[in-house]
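Here is how the chains run, residue by residue.
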Amino acid sequence: MTIFRAGSNGAWLSYLLAGHVLLAVYYLVPLTPTGTLIRVIVYCSISMSGAIAVFAGVSRNKPQWRRAWMLLGASQVVYALADLTFYVSHLLFDFTVYPSFADVLYLSHYPLLVAGVILLIRRRTPGLDLPSLLDAAVLAVVAGMASWLYLIGPQARLTSPALVKIASMLYPMMDLALFVVALRLIFGAGPRPRAFLLLTGNLLMILTADTLYVVQRLDNSYQAGNFLDAIWLSGNLMMGAAALHPTMARLVDRAVVKESGLSRGRIIALVSAALAAPVLMLLHDVSESRQDVLVIAAGSALLSLLIIARLAGLVADQRRLAITDGLTGLHTRRFFEAQLPLEIARARRADGSVAVFIIDVDRFKSINDNYGHPAGDQVLMEVASRLRSASRAGEVLARYGGEEFALLVPDAGPARLSTIGNRLRERVAASPIPVDGDVHLAVTVSVGSASFPIHGEGPDELVVIADRALYAAKAAGRNRIAVGPEPLPAVDPDTDGAMAEFLCQVADRVDGWLHRYDHSRAVSRWAGVAAAEFGLDDSTIRVAQLAGRLHDIGKIIIPEVVLTKPGALSDEEWRLLRQHPDFGYRLARMVPGFAGVAHVIRQQHERYDGAGYPDGLRGADIRAEARILSVCVAWAAMRSHRPHQTAMDENRARRELWNGRGKQFDPDVVDLFLDLHTQSAIGTMRTPGLQVHEPVYPGDWRA
């Protein structure tokens, strides 16, 4: 047939239309002896064409994995032979014995069809995909109860001969098996092109017609050639069209299983399933059959267990997502920072040790610039995979930042740091990483490490030391491991270091855009005073002062038109502006020894109640310097003129800080700051330059 000719992308549609034209002819032919013969020929031709179309589609579209389609084609062949046997014997020879050899063939096609769909599911969906399996199982249990009450049970209670009973019960049981795998296919992951819709249409039509056939058998109303033939034949045509459609090759592509939340459709389906048992009890009279009561009771119990398992899976998924990085599948930075104090406490009790490794991909920016962000994501995923293979059970591997990873290793003293670090580094550099077709990139990482208790006593100290070691490794040429603390450089930006001085110039430039020039210097002074009063040591006070001086440097990357916009920001502009703490963090980390300063800059917009950004840290998880800086920045914002608000007077600004205690701000820091203000220890901002408007930040008193 020309409709199967290779190269004709409309073959599937031509086949579908031609088949339904023949279907119309089937019903239009009168039931005369000649007409009956014509109807048999037309019916069997349509049925067999489904099998021919499947094999033609496999040959034409050349799917990479053919086994599932070959089984589907084989099932269609058996089904067509069953149709031929049934209609020849039934309509031409008036042989109406039930069951007959045709029923053997009909029942034989089910295992082939079910096996083909199962193979398709296994090929499309890696792993178990438990949420989809549970959803399908819930609906299958409901279908099973209904099938028993209305189809299987009544057949079992008939006083018919044994073969009639067996055949009549096998049909709904086979349909139930097909229904289960059809649900699993529909609920499962994978592409859903037109060929998928056609195939599922075939399955649903066969299930519908078969169910109605059994019902008609029960009330003795079935007649060969009635409307059921149209449903069966349309299903056969859909099977053939699915195989002929160009997208059939995609149905066997492996799919990435997405997080299976409960969509609206699934919620409706599961709620309906949960209500099925009482509805069936109301609609069906079970008083005469103890078996029906037992089936409904067992089905209800199984439904409850399945729904409980589904909800438990949702809870587990939410917990896992909260601590899992979406791109790499590793733990999040928040999880790492929560585990580190626990491991240190455990090591302290057992007189043991804990090692921290900070791993950074070398020259990652050039990968994004030269090959695009998708290539960069591919590199990050592969680096994560290699680091995972190089880590051991009990170790915590996390994505720590953009291209940074962190590894927590219990019971690892100083003697093991170089060995572990080099294992990580060598595993990543073992072979080039494919990113796009034939493009393979040689990727390396630098590693910094520190160990409790030799290099530091607390979580923040260990991370800062490992971070400094990382920068030492990069400064020494990259693709190497550095261990332990490097000496801190002097950190007075007015006298030391060209890089630090440059960042102060950046801070002044941002002040020139947004504030009076004294803004960052005033915040730095207040942060130093508050940190000293808070009881922090001299080095931590200096970190607080430097973070205050540089807290706005990340805004240099934000377009000036956004920063100086006189009205409220759009959602997209607000999203861009919220990135400035991370931008500032990255800039500050360029200065050796400024890792602590960088972390404080990053955390300046975290809230004490956990509703801040970028990491959603809460309470004491936020560094003390950052909690102090947050209050100082808010005070500076409230005491400055803004586009839609003049500067607040001191009394109102004090009330705003007080109202934010325990929510936006650390209550202890607010109390301390207000006391210092009362004592006149918090001065005012000097105004050597002209006022420039700054953008409006909805619901937040921080710039």
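Data block above holds the structure.
A few points on the structure. Since we're looking at a predicted model, the values are computed, not measured.

The rules behind these values
- Residues numbered from 1 in each chain as written.
- Predicted model: local features only at pLDDT ≥ 70, side-chain atom pairs only at ≥ 80, totals over all residues.
- Heavy atoms only, no water.
- Helix = DSSP H or I, 4+ residues; strand = E, 2+ residues; numbered from the N terminus.
- Buried < 20%, exposed > 50% of the residue type's maximum accessible area, 1.4 Å probe, protein only.
- Contact = heavy atoms within 4.5 Å.
- Areas by Shrake-Rupley, 256 points an atom, 1.4 Å probe, with all protein chains shown as cover.
- Axes fitted to C-alpha atoms, helices over the stretch in contact; angles between N-to-C directions.
- Parallel < 35°, antiparallel > 145°, perpendicular 65-115°, else oblique.
- Left-handed = near helix turned anticlockwise from the far one by under 90°.
- Nonpolar A, V, L, I, M, F, W, Y, C, P; charged D, E, K, R; others polar.
- Polar contact = N/O pair within 3.5 Å; in protein donor to acceptor, adjacent residues only side chain to side chain.
- Salt bridge = Lys/Arg side-chain N within 4 Å of Asp/Glu carboxyl O.
- Pairing = 2+ DSSP bridges.

1. A short note on the overall build of the protein chain
Item 1. Of the regular secondary structure elements, the protein chain holds 26 helices and 7 strands.
Item 2. Taking all 703 residues of the protein chain together, 52% fall into the buried category.
Item 3. Across the protein chain, every contact between residues at least 6 apart in sequence was considered, and the portion connecting residues at least 24 apart equals 74%.
Item 4. When the accessible surface of the protein chain is summed, it comes to about 31400 Å², and 60% of that surface belongs to carbon and sulfur atoms.

2. Observations concerning the environment of L441
Item 1. The residue L441 is located in strand β5 (residues 439-441) in this model.
Item 2. Along the chain, L441 and A375 lie 66 residues apart, while their C-alpha atoms are 9.7 Å from each other.

3. Overview of the packing of helix α1 (residues 11-28) against helix α8 (residues 228-244)
Item 1. Interaxial distance between α1 and α8 falls to 9 Å at its minimum, and their mutual angle equals 165°. With respect to their mutual orientation, α1 and α8 come out roughly antiparallel. Read as a crossing pair, α1 and α8 show a hand that is right-handed. Where α1 approaches α8, its residues A11, W12, Y15, L16, G19, H20, L23, Y26 and Y27 are matched on the opposing element by D229, A230, L233, S234, N236, L237, M238, G240, A241 and L244.
Item 2. Residue classes in the contact of α1 with α8 are distributed as 13 nonpolar, 5 polar and 1 charged.

4. Section: the packing of helix α18 (residues 519-533) against helix α24 (residues 624-638)
Item 1. Contact pair α18 / α24: the axes reach a minimum separation of 9 Å and the direction vectors enclose 135°. In terms of orientation, α18 and α24 fall into the oblique class. As for the relative orientation of α18 and α24, their crossing is right-handed in sense. Where α18 abuts α24, its residues H519, V523, W526, A527, A530 and A531 lie against I628, L629, C632, V633, W635 and A636.

5. Comments concerning the side chain of H519
Item 1. Within the fold, H519 resides in helix α18.
Item 2. On the accessibility criterion, H519 (1% relative accessible area) is buried.
Item 3. Of the polar contacts made by the side chain of H519, one reaches the side chain of H551; its length is 3.3 Å.

6. Side note on the pattern of salt bridges
Item 1. Applying the stated rule across the entire model yields 20 salt bridges.
Item 2. The partner of R399 in a salt bridge is D325, with the nearest N and O atoms 3.4 Å apart. Placement of R399 in strand β2 (residues 396-399) and of D325 in the loop between α11 (290-322) and α12 (333-349) is noted, with a sequence separation of 74 residues between them.
Item 3. Judged by its relative accessible area of 18%, R399 falls in the buried class.
Item 4. You can call D325 buried: its relative accessible area is 15%.
Item 5. Taken together, the shared-partner salt bridges in this structure form one network comprising E403, D582, R586, R602 and D615.

7. Details of the sheet that holds strand β3 (residues 404-410)
Item 1. Reading across from one edge, β2-β3-β1-β6-β7 is the order of the 5 strands in this open sheet, with mixed pairing throughout. Here the strands that pair on one side only, and so sit at the sheet edges, are β2 and β7 (481-483). Sheet twist, expressed as the mean angle between neighbouring strand axes with direction ignored, is 15°.
Item 2. Note: strand β1 (residues 354-361) against β3, 7 bridges, orientation antiparallel. Directly across from D360, in β3, lies its bridge partner E404.

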